[in-house]
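Residue strings, one per chain:
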Amino acid sequence: MAPILSGKRIILGISGGIAAYKSVTLASRFTQANALVDVIMTHSAAKFVAPVTFQSITQRSVATDTFEFWHDAGRLRIGHVALAHAADLFIIAPATAHTIARLALGLSDDLLSITALSYKGPMLLAPAMETNMWTHPATMHNVQTLRDWGVDFIGPAEGRLASGEVGEGRVAEPEEIFEVACKVIGRGGPLDGLRVLITAGGTREPIDPVRFMGNHSTGKMGAALARAARDLGAETVLVHAPLAVHPPGGVTLVPVHTAHQMYGAVMERLPKTDVLIGAAAVADYRPTDSADRKLKKSPKQQIITLERTPDILQTVGERREETRRHPRLVIGFAAETNDLEANAVDKLTKKNLDLIVLNDVTAPDSGFAVDTNRVTLFERDGSREAWPLMSKDEVAQAIMQRVVARLGRRNWKRPRQPSQVDEP
Ligand code: CTP
């Protein structure tokens, strides 16, 4: 679930391309997230997918005609004006070369373009076209014009196109568009301008080219934390070992495999990190010698000697006195099976953390590979707070609210000037 979208009004513009069918899934995704989705279709889009499809999904009327009137707060208002004024986000998916060109020229010859011209908020375009159309200087110029005005783009991706050819021009997948939409709408939120780095997943320590030492972590909790940080406007980095879940969109992904690689990736970014959250299950040991050829079985016992890996949070904790401002907040996780509280408090102190989140990995509804978590938070001042069973998304959102409070951002107001638009 993405609470950032709940109650938000989204205009979903559909222009004429075969990729229009994918926007049905997108409309459904937004509707399930409790957003109010007003679909505007161009006449050619309505040839690919019937408006009634979107109407059924969104349970709202679908607009195609410039001369429609809408009921708004008891008044009859001109359709495009009412829609544009009410919307929190304007998405066009698919955005054809022709639609992009019309927006860049400021044309207003149909409902989609006239509404876009009347609209002042954040806008996200998902282009879809043949490769030659996308790479044409005219399209590139139009895209740049729109970017300069603060419009965000997602895609296009490489893949099979309507013509049967393979190349750049395929519309981004609905899930990616959904994720980036959350980021765009969350921009200017209470963590705006702050950099949050999260580690996630279970590291893999190679034994030989085909085997590794690993653990049961799926990365669900870390991915949920990254989404929650992104939705509050943070510039979010996810340093992740292999994940068993889809990585979140709209965050910078730094894939790694081993504890050493994770350590290097975190340390490199530390001077620019405001909040560090260690949700990864980092291997404490690695095989001393990783064979460069596949080990063959033999009747004899096989002994693997192990050596220690660096402790990322411990190192950060030790250096905090030197790097006073960065990170301003360090949060760890303690996945325990026994002596839960004692172990968590011990790690909080030893690693010089501000907060530690304890979970009992032997409980059937908490820990690895499940969607829920029952956690207890321990702070440096000795306070502790046991939270009820929640989904990992809810735990992540609650932890990020704690971050907002700790950084004094609770009453934070969006700056009057919109912040610099990121590359999608
Ligand atoms: N952690 C880390 N680097 C390591 C090991 C752990 O940054 N090499 C972080 C984890 O991401 C987590 C916290 O430290 O936030 C606690 O990890 P955990 O595996 O529970 O504990 P360990 O410190 O490894 O101690 P032990 O395995 O003895 O319980």
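This text gives an overview of the structure that appears in the document. (Residues numbered from 1 in each chain as written. Predicted model: local features only at pLDDT ≥ 70, side-chain atom pairs only at ≥ 80, totals over all residues. Heavy atoms only, no water.)

1. A few points about the pairing of strand β10 (residues 195-200)
Across a regular strand the side chains alternate sides, sitting on one face of the sheet and then on the other.
Okay, step 1: Burial analysis of β10 places five of its six residues in the buried class, which makes it a mostly covered element.
Okay, step 2: Here β10 pairs with strand β13 (residues 235-240) via six bridges, running parallel. Bridge assignment links Arg 195 to a residue of β13, and that residue is Glu 235.
Okay, step 3: Summarising the sheet, β10 and strand β15 (residues 275-278) pair through four bridges and their orientation is parallel. Bridge pairing in β15 places Ile 198 opposite Ile 277. (Buried < 20%, exposed > 50% of the residue type's maximum accessible area, 1.4 Å probe, protein only. Helix = DSSP H or I, 4+ residues; strand = E, 2+ residues; numbered from the N terminus. Pairing = 2+ DSSP bridges.)

2. Structural notes on the sheet that holds strand β19 (residues 355-360)
Okay, step 1: Strand order in the open sheet formed by eight strands is β14-β13-β10-β15-β18-β19-β21-β22, with mixed pairing between adjacent strands. With partners counted over all chains shown, the strands left at the sheet margins are β14 (252-255) and β22 (384-386), one partner each. Neighbour-to-neighbour, the strand axes of the sheet open up by a mean angle of 15°, direction not taken into account.
Okay, step 2: In the sheet, strand β21 (residues 375-379) pairs with β22 via three bridges, with the strands oriented antiparallel. Each residue of the ladder has a partner; that of Thr 376, found in β22, is Ala 386.
Okay, step 3: Packed onto the sheet, helix α13 (residues 340-350) meets β18 (329-336), β19, β21 and β22 and runs at close to 155° relative to β19. (Axes fitted to C-alpha atoms, helices over the stretch in contact; angles between N-to-C directions. Contact = heavy atoms within 4.5 Å.)

3. Notes on the packing of aromatic side chains
Okay, step 1: Tallied over the entire structure, the rule returns two aromatic pairs.
Okay, step 2: With 5.4 Å between their ring centres and 35° between their planes, Phe 30 and Phe 178 make a pair best called tilted. Of the two residues, Phe 30 sits in helix α1 (residues 22-32) while Phe 178 sits in helix α9 (residues 174-186), which places them 148 residues apart along the sequence. We note that Phe 30, like Phe 178, is buried.
Okay, step 3: For the ring pair Phe 90 and Tyr 119, a centre distance of 5.3 Å and an interplane angle of 70° mean the geometry is edge-to-face. (Phe/Tyr/Trp six-rings, centres within 6.5 Å; stacked < 30°, edge-to-face > 60°.)

4. Examining the pattern of salt bridges
Okay, step 1: Summed over all chains, the structure comprises 26 salt bridges.
Okay, step 2: A salt bridge links Arg 269 to Glu 268, with the shortest nitrogen-to-oxygen separation between them at 3.9 Å.
Okay, step 3: On the basis of relative accessibility, which here comes to 26%, the residue Arg 269 falls in the partly exposed class.
Okay, step 4: Glu 268 gets classed as exposed once you look at its relative accessible area, which sits at 60%.
Okay, step 5: Several salt bridges share partner residues, and in doing so they unite Arg 320, Asp 354, Glu 379, Glu 385, Arg 402 and Arg 406 into one network. (Salt bridge = Lys/Arg side-chain N within 4 Å of Asp/Glu carboxyl O.)

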